Amino acid sequence: MSQYSKYDSEFCGNIPIHIINTVQTYAVLVVLDHQLVIRQVSENVDVIFGKNARELIDISLQELTSEAFAEQIAGLRENNGGQRFTTNWDGHYVIAHFQPELILLEIETGIAAREGATFMEHFRDMRETIHRIDTANDVQSVCTVAADELKKVSGFDKVMIYAFDKDWNGHVMAEAREEEMEAYLRFTFPASDIPKPARDIYKNNPYRFIPDRDFEPVKLYPVINPVTHAFLDMSDCNVRAVAAVHVEYLKNMKVGASMSVRLMINGELWGLIACHHRTARVIDHQLCTKLELLSTIISARINTLQLQGYFDYNSRLNNCYTQVIANIYKNDKLSDGLAAGDGAPILMNMLQATGMAVIMNREVRFWGTVPSKSEIEDLTLWLHLKDGRRVFHTDSLAAAYEISASLAEIASGLLAIPIQAQQDEYILLFRNEHIQTTRWGGNPEERIFFDKDPQIYHPRHSFKLWQEHVKGYSSPWRPEEIQAAENLRSFIFAFLSPTQDNRDI
Ligand code: BLA
């Protein structure tokens, strides 16, 4: 709900997660200038290189690793168009990131499996999963299949498919979990749980991996990057340490390890694959890559089905629209065309209205469930003050105009198509109230606790179901419906304009 979005933009959104200046322990970070000289490192470098951070500063990558590896990194810098790249050195997975002045190498401390499976073998493992995702027939089924399949592929205790709404609250569409874990299926989580800076990072980085919630953050040495003279921008860095509020959040959720993989549609974050494990769990980089690949297949399937849905919906609208116009022509007069035969029911069906009134020639005609004649007359007086050249629409008449609860029940949604607004002539379409129930994961009003010191705050402790019922709204008018109503308004204008013969007088 929009009243909860304040914390996102004004509060949680200000946490500077990209300059946290510490890393998690599953990898070390080596920061080079473009001459491939080491300028900054994480203080755990000794785990891999046997030397402390100070000893590595100002030596070349070639000296630290090998000529071949340094050449590979230089080649990637030239040819990779700034994209991150995964390679390996001495049995360790390495992710390289290229910034204008710096190159960041994340080197995993674990040793990768030497006997890597071939691409064919990996593909064979995933073929059935891909087939199931690709043959799911609606978005909900894709999510259900994806949660089940990804739990099997990843081995996480719980996998959720999480979809964002227009206010960036997230809805758990599907969940596959170990029985003992708390169920979040069909729960909604407020936007502030994943604030904008955290969401933005998925644009460049396909996943966020936190293998051990209880890691001891490791500092960078030196603290200020000597090339940029600023804190290191770690936005794209996987091993970046985790904001304290989120560590606490994971603790409260009893999650030991977490991984979230983006679901992107047309360059926008549509949702996340949220994976939880009850204990700490480092997963192999190959598995991260597999989940990244599957996430693109899931996104593509959701995109296809959504496009198919828009197409089907628009075809239905166009079909109804043609029938409405044909009926007006057949009857020669606008009022008869809208009222005679199936005219009104088709228009109501086209715009999914539960009631309709046509106010024309000082007459009011009704279909379906509508307000009383005097209420409609009051409404038209109010509409008179609006821009009579455009369609007016609202999904909460109560928010725009003072109405009684009983009127809200039948007319929370209003779409007014002006016939001749100066003369208070309209087609009014009503939608009844649709009480919206949101199943929040914990009371969203209590999602942040402040300490006595207001600088210190904590996330909520409970994610138990907290239901909210919002009254006074109808289902929203879709943009395609508003466009169809605008088209009808233009048609009516043209129909009435030439001679004015076509109307009842
Ligand atoms: C990050 N919050 C995140 C992330 C997720 C969530 C997925 C990305 C990191 C990760 O994968 O663990 C939230 N995880 C969820 C939700 C579900 C889930 C909703 O599984 C539901 C099933 N968090 C708060 C509050 C603030 C906050 C009150 O609860 C701010 C005041 C911030 N969340 C926050 C921050 C990050 C984050 C700053 C980024 C952490 C980081 O990347 O360092």
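These figures come from a predicted structure and were not determined experimentally.

**Quick look at the packing of helix H10 (residues 285-331) against helix H12 (residues 343-350)**
Alright, step 1. Packing of H10 against H12 brings their axes to within 9 Å, and their N-to-C directions diverge by 155°. When the interaxial angle is binned, H10 and H12 end up roughly antiparallel. In the crossing of H10 with H12, the sense of the turn from one axis to the other is left-handed. Where H10 approaches H12, its residues Leu 317, Cys 320, Tyr 321, Gln 323, Val 324 and Asn 327 are matched on the opposing element by Gly 343, Ile 346, Leu 347, Asn 349 and Met 350.
Alright, step 2. Residue composition of the contact of H10 with H12, grouped by class: 7 nonpolar, 4 polar and no charged.

**Some details on the environment of Gln 423**
Alright, step 1. Here Gln 423 lies in the loop between strand S17 (413-420) and strand S18 (425-431).
Alright, step 2. Given 15 C-beta atoms within a 10 Å radius, Gln 423 is considered partly exposed.
Alright, step 3. Residues Gln 423 and Asn 314, 109 residues apart in the sequence, show an inter-C-alpha distance of 32 Å.

**Considerations on the domain arrangement of the chain**
Alright, step 1. Segmenting the chain into domains produces domain 1 (1-19 + 112-219 + 239-312 + 436-469), domain 2 (27-109) and domain 3 (332-435 + 471-496).
Alright, step 2. A separation of 41 Å is found between the C-alpha centroids of domain 1 and domain 3.

**Remarks on the environment of Thr 279**
Alright, step 1. As for its position among the elements, Thr 279 is in the loop between strand S13 (268-277) and H10.
Alright, step 2. Each residue touching Thr 279, except ones within four places of it in the same chain, is listed here: Gly 256 and Ala 257.

**Details of the nonpolar core**
Alright, step 1. Core analysis: the biggest nonpolar cluster contains 72 residues, and Leu 29, Val 30, Ala 146, Ala 147, Met 160, Ile 161 and Ile 273 have the highest contact counts within it.
Alright, step 2. Counting residues domain by domain, this core receives three or more from each of domain 1 (1-19 + 112-219 + 239-312 + 436-469) and domain 2 (27-109).
Alright, step 3. In this view, Ile 273 contacts Leu 150, Val 159, Ile 161, Ser 260, Val 261, Leu 263, Leu 291 and Ser 295; residues no more than four positions away in its chain are not counted.
Alright, step 4. Grouped together as the second largest cluster of nonpolar side chains are 41 residues, Met 356, Leu 415, Trp 477 and Leu 488 included.

About the cut-offs
Sequence order sets the numbering: in each chain, residues are counted from 1 along the sequence as written. Residue-level local features of this predicted model are given only where pLDDT is at least 70; pairs of side-chain atoms are given and counted only at 80 or more, and the full residue set underlies all totals for whole chains, interfaces and linings. Every axis in this analysis is a line fitted to C-alpha atoms, fitted for helices over the stretch in contact. Angles between the N-to-C directions lie between 0 and 180 degrees. Helix and strand assignments follow DSSP, with helices taken as H or I runs no shorter than four residues and strands as E runs no shorter than two, numbered in order from the N terminus. In this scheme, roughly parallel covers angles under 35 degrees and roughly antiparallel covers those over 145, while 65 to 115 is roughly perpendicular and the rest are oblique. Two helices cross in a left-handed way if the nearer one is turned anticlockwise from the farther one by less than a right angle. They cross in a right-handed way if the turn is clockwise. A pair of residues counts as a contact when their C-beta atoms, built from backbone coordinates, are separated by no more than 7 Å. Classification convention: Asp, Glu, Lys, Arg as charged; Ala, Val, Leu, Ile, Met, Phe, Trp, Tyr, Cys, Pro as nonpolar; all other residues, Gly among them, as polar. For every residue, the other C-beta atoms within 10 Å of its own C-beta are counted; 20 or more classify it as buried, 12 or fewer as exposed, and values in between as partly exposed. C-beta atoms are placed from the backbone. Those domain boundaries reflect an automatic or database domain assignment. By convention in this section, buried Ala, Val, Leu, Ile, Met, Phe, Trp, Tyr and Cys residues joined through C-beta atoms within 7 Å make up a nonpolar core.

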